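# Structural description and commentary
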Amino acid sequence: VQLQASGGGLVQAGGSLTLSCVASRRTFSSYAMGWFRQAPGKERECVAAISKTGGSTKYADSVKGRFTISRDNSRNTVYLQMNSLKPEDTAVYYCARTTSVIVVITSTLHDYDYWGQGTQVTVSS
């Protein structure tokens, strides 16, 4: 499975970006997905996760109300809409696929085994 993330860039505080992640396999719809981020010197953290149908989502407290995760299984794509961006949102963002079709939704790093290449998001103050 290959995951191709895109949509990062440089934006001013208060601005918006939408990240996309396209999966190479048609089995995309069988797996829950997640978006993670990693800032320099910090651990990778889950910012949002979504169930295989999109019916369930979960968010890190730091992004609740500002970020929205969604998916389009017909396009093998998961999205992360990011609004009201803050300088502390600056990081490399990764999409990831869970390890098993039985995983409903999770924000645990080790429950994911396939990762996209990462896309840089930089928020200037």
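Parameters at a glance
- Residues numbered from 1 in each chain as written.
- Predicted model: local features only at pLDDT ≥ 70, side-chain atom pairs only at ≥ 80, totals over all residues.
- Heavy atoms only, no water.
- Disulfide = S-S within 2.5 Å.
- Helix = DSSP H or I, 4+ residues; strand = E, 2+ residues; numbered from the N terminus.
- Buried < 20%, exposed > 50% of the residue type's maximum accessible area, 1.4 Å probe, protein only.
- Contact = heavy atoms within 4.5 Å.
- Phe/Tyr/Trp six-rings, centres within 6.5 Å; stacked < 30°, edge-to-face > 60°.
- Lys NZ or Arg CZ within 6 Å of the ring centre and 35° of its normal.
- Salt bridge = Lys/Arg side-chain N within 4 Å of Asp/Glu carboxyl O.

Next up on the list: the state of the cysteines. Under the counting rule described, the total for this entry stands at one disulfide. Note that Cys-21 is cross-linked by a disulfide to Cys-95, the S-S spacing being 2.0 Å. What sets the handedness of the Cys-21 and Cys-95 disulfide is the S-S torsion sign, and at about 60° it is right-handed. Linking Cys-21 in strand S3 (residues 17-23) with Cys-95 in strand S9 (residues 91-98), this pair joins segments that are 74 residues apart in sequence.

This paragraph deals with the environment of Tyr-31. Structurally, Tyr-31 is set in the loop between S3 and strand S4 (33-38). Since its relative accessible area comes to 14%, Tyr-31 is described here as buried. Here the alpha-carbon distance between Tyr-31 and Val-103, two residues 72 residues apart in the chain, equals 7.4 Å. With sequence-adjacent residues up to four places away left out, Tyr-31 is seen in contact with Lys-52, Arg-71, Arg-97, Thr-98, Thr-99, Ser-100 and Val-101.

We now examine the packing of aromatic side chains. Taken as a whole and judged by the stated rule, the model has four aromatic pairs. Their ring planes at 55° and their centres at 6.2 Å tell us that Tyr-112 and Trp-115 sit as a pair that is tilted. Counting every residue linked through ring pairs, the aromatic cluster contains Phe-36, Tyr-94, Tyr-112 and Trp-115. A cation over a ring is seen here: Arg-71 above Phe-28, with NZ or CZ 4.4 Å from the ring centre. When the ring centre of Tyr-31 is taken as reference, the NZ or CZ atom of Arg-97 above it lies at 3.6 Å.

By the definition in use, this model includes six salt bridges. One salt bridge connects Arg-37 with Asp-89, and the closest N-O pair in it is separated by 2.9 Å. Of this pair, Arg-37 sits in strand S4 while Asp-89 sits in the loop between strand S8 (77-82) and S9, and the two are 52 residues apart along the sequence. Summarising the burial analysis for this pair, Arg-37 and Asp-89 share the class buried. With its nearest N and O atoms 3.3 Å apart, the salt bridge here joins Arg-75 to Asp-72. Judged by its relative accessible area of 57%, Arg-75 falls in the exposed class.

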